[in-house]
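Here is how the chains run, residue by residue.
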Amino acid sequence: MPRWLWFVPLALLVALAALVGWHWGWIAANVTETQVIEAYAQRYLADRAAAGTSNGAQRSDCRARPSERAWLVVICGPQPHDAARHYTYYVARDGRLQFLVGPDGTPVEE
């Protein structure tokens with residue numbers, strides 16, 4: 001077997017790693033704040049429905065701000081503030097949820 005053939009698996013592995021890196025970079029570069037807020041507003045409605053408190057929940061209950069701990073913090077809950085129906089989503093630059101603080105300020109494990 002030719003010696004260069006031994007390096008083919010390594011070359012394929014490097015090419016695969018480059019492709020995956022490019023893919024995640026493309027996602028991070030092209031996700032917008034609006035897309036993130038819309039996605040987490042939908043999740044907020046689903047979380048409220050799962051908790052049995054969906055009465056009166058609206059997508060317009062959500063707003064976002066930048067944060068030191070995450071790219072965006074999407075804060076959802078009725079006004080005036082009701083701690084039992086308030087969700088805070090900490091979102092990474094690529095749109096992934098870093099962590100969630102649920103009703104009454106309790107961290108929620110994903």
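Computed from a predicted structure; not experimentally measured.

**A closer look at the sheet that holds strand 4 (residues 97–101)**
Stage number 1. Spatial ordering of the open sheet is given by 1-2-3-4-5, a layout of 5 strands whose pairing is antiparallel. Looking along the sheet, the strands with just one partner apiece sit at the ends: strand 1 (62–66) and strand 5 (107–108).
Stage number 2. With 4 bridges connecting them, strand 3 (residues 87–91) and strand 4 associate as antiparallel partners. Pairing of Val 91 across the sheet is with Leu 97, part of strand 4.
Stage number 3. Against the sheet, helix 2 (residues 33–51) engages strand 1, strand 2 (72–76), strand 3 and strand 4, with an angle of about 140° to strand 3.

**A few points about the pairing of strand 3**
Stage number 1. Most of strand 3 sits inside the fold, with 5 of its 5 residues counted as buried.
Stage number 2. Alternating positions in strand 3 separate into two faces, Tyr 87, Tyr 89 and Val 91 on one and Thr 88 and Tyr 90 on the other, with burial throughout.
Stage number 3. As judged from the 5 bridges shared by strand 2 and strand 3, these two strands associate in the antiparallel manner. Considered in strand 3, the bridge of Leu 72 is made with Val 91.
Stage number 4. The turn linking strand 3 back onto strand 4 is made up of 5 residues, and Gly 95 within it adopts a positive phi angle of 95°.

**Considering helix 2**
Stage number 1. A rise of 1.5 Å per residue sets the reference length of helix 2, with its 19 residues, at 27 Å; its end C-alpha atoms lie 26 Å apart and thus fit the reference within 8%.
Stage number 2. Of all the positions in helix 2, only Val 36, Tyr 40, Ala 41, Tyr 44, Asp 47 and Arg 48 are classed as buried. In an axial view of helix 2, the angular spread of the buried residues amounts to 135°, which keeps them on one side of the axis. For helix 2, the exposed residues set more than 90 degrees away from the buried face come down to Thr 34 and Ala 50.
Stage number 3. Structurally, helix 2 contributes buried residues whose contacts are with strand 1, strand 2, strand 3 and strand 4.

**A few points about the nonpolar core**
Stage number 1. If you look at the biggest cluster of nonpolar residues, it comprises 15 residues, and the most contacted ones within it are Val 36, Tyr 40, Tyr 44, Val 74 and Tyr 89.
Stage number 2. For this core, the secondary-structure elements that each account for two or more residues are helix 2, strand 2, strand 3 and strand 4.
Stage number 3. For this core, the leading source of residues is helix 2, giving 4 residues.
Stage number 4. Sequence-distant contacts of Tyr 40, defined by excluding residues within four places in its chain, comprise Val 74, Cys 76, Tyr 89, Val 91, Gly 95, Arg 96 and Leu 97.

**Remarks on the confidence of the model for the chain**
Predicted coordinates in regions of low pLDDT should not be interpreted in detail.
Stage number 1. On average, residues of the chain score 88 in pLDDT, and 98% of them are at 70 or above.
Stage number 2. Mean pLDDT values for the elements of the chain range from 76 in strand 5 up to 95 in strand 2.

**Some words on the state of the cysteines**
Stage number 1. A complete count under the given rule lists 1 disulfide for this structure.
Stage number 2. There is a disulfide in this structure between Cys 62 and Cys 76, and the S-S distance comes to 2.0 Å. Judged by the sign of its S-S torsion, about 115°, the bond between Cys 62 and Cys 76 is right-handed. Remark: Cys 76 occurs in strand 2 and Cys 62 occurs in strand 1; sequence separation between them is 14 residues.
Stage number 3. Exposure remark for Cys 62: the relative accessible area of 13% places this residue in the buried category.

How each quantity is defined
Residues numbered from 1 in each chain as written. Predicted model: local features only at pLDDT ≥ 70, side-chain atom pairs only at ≥ 80, totals over all residues. Heavy atoms only, no water. Pairing = 2+ DSSP bridges. Helix = DSSP H or I, 4+ residues; strand = E, 2+ residues; numbered from the N terminus. Contact = heavy atoms within 4.5 Å. Axes fitted to C-alpha atoms, helices over the stretch in contact; angles between N-to-C directions. Buried < 20%, exposed > 50% of the residue type's maximum accessible area, 1.4 Å probe, protein only. Expected span 1.5 Å × (residues − 1). Arc of directions from axis to C-beta. Core = buried A, V, L, I, M, F, W, Y, C linked by side-chain atoms within 4.5 Å. pLDDT = per-residue confidence, 0-100. Disulfide = S-S within 2.5 Å.

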